[in-house]
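The chain contents come next:
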Amino acid sequence: MERRIKKEAEAVKKWMKKVTAPIFLICLCAGILTGCGNGIKKETAEAVNGKMNQALQTYSDIEKLVQENNLKVEKEFTEMKGQLTELSTQVKSEINDTTEEDGQRSLKELDGIIKNLQEVKENLEKMIAESK
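Below you will find a few notes about this structure.

Rules used in this analysis
- Residues numbered from 1 in each chain as written.
- Predicted model: local features only at pLDDT ≥ 70, side-chain atom pairs only at ≥ 80, totals over all residues.
- Heavy atoms only, no water.
- Helix = DSSP H or I, 4+ residues; strand = E, 2+ residues; numbered from the N terminus.
- Buried < 20%, exposed > 50% of the residue type's maximum accessible area, 1.4 Å probe, protein only.
- Contact = heavy atoms within 4.5 Å.
- Areas by Shrake-Rupley, 256 points an atom, 1.4 Å probe, with all protein chains shown as cover.
- Axes fitted to C-alpha atoms, helices over the stretch in contact; angles between N-to-C directions.
- Parallel < 35°, antiparallel > 145°, perpendicular 65-115°, else oblique.
- Left-handed = near helix turned anticlockwise from the far one by under 90°.
- Nonpolar A, V, L, I, M, F, W, Y, C, P; charged D, E, K, R; others polar.
- Core = buried A, V, L, I, M, F, W, Y, C linked by side-chain atoms within 4.5 Å.

What follows is about the overall build of the protein. When helices and strands are tallied, the protein shows four helices and zero strands. Listed N to C, the secondary structure of the protein is α-α-α-α in terms of helices and strands. The buried share among the 132 residues of the protein stands at 36%. Across the protein, every contact between residues at least 6 apart in sequence was considered, and the portion connecting residues at least 24 apart equals 94%. Surface exposure of the protein reaches about 8,000 Å², of which carbon and sulfur atoms provide 50%.

Pasting the structure below:
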């Protein structure tokens with residue numbers, strides 16, 4: 001049983017590492033958000049902000065699962081909260097100064113981050129359920 005839990009924990013760690021790579025990509029997109037252009041549509045700006053909030057909420061859900069089940073995670077995962085929060089603040093303050101194209105690119109990057117975070121959450125929930 002303990003060996004299986006360790007194996008599942010390793011799988012979750014792999015998923016967590018998979019999540020950190022897109023965070024750096026989205027940070028690059030945030031840099032793009034400061035570019036010049038014709039502006040961003042209100043709907044796109046709202047979608048970017050909504051997806052940023054969704055990513056933060058999903059991370060929070062994972063963090064809660066980790067804490068409730070006394071699991072250990074790698075340093076990169078705990079640092080991700082600060083990165084996401086900082087990115088969210090930057091995106092919200094600069095979203096109106098970006099182009100529609102950059103907003104659409106950011107939406108795609110955020111979709112990838114959210115997908116990876118949801119996969120981590122699902123794998124973590126599965127691991128916890130199987131260990132009980």
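Back to the write-up after that little detour.
Take the packing of helix H2 (residues 42-68) against helix H4 (residues 100-131) next. The N-to-C vectors of H2 and H4 enclose an angle of 20°; their axes lie 9 Å apart at closest approach. Judged by the inter-axis angle, H2 sits roughly parallel to H4. For the pair H2 and H4, the crossing hand works out as left-handed. Grouping the amino acids of the contact of H2 with H4 by side-chain chemistry returns 16 nonpolar, seven polar and six charged.

Let us now look at the nonpolar core. Of all hydrophobic cores here, the largest spans 24 residues; its most connected members are Val48, Tyr59, Ile62, Met80, Ile95, Leu117 and Leu124. For this core, the elements supplying multiple residues, two or more each, are H2, helix H3 (75-94) and H4. Top element by residues in this core is H4. It accounts for nine residues.

Next up on the list: the packing of H2 against H3. Two measures define how a pair of helices packs: the angle their axes make with one another and the distance between the axes. The interhelical angle for the contact between H2 and H3, taken along N-to-C directions, is 160°, at an axis separation of 10 Å. Taken together, the axes of H2 and H3 are roughly antiparallel relative to one another. Along this stretch, H2 crosses H3, giving a crossing that reads as left-handed. Residue-level inspection shows Val48, Asn49, Met52, Asn53, Ala55, Leu56, Tyr59, Ile62 and Glu63 of H2 in contact with H3, the latter providing Phe77, Thr78, Met80, Lys81, Leu84, Thr85, Leu87, Ser88, Val91 and Lys92. The residue inventory of the contact of H2 with H3, partitioned by class, reads eleven nonpolar, five polar and three charged.

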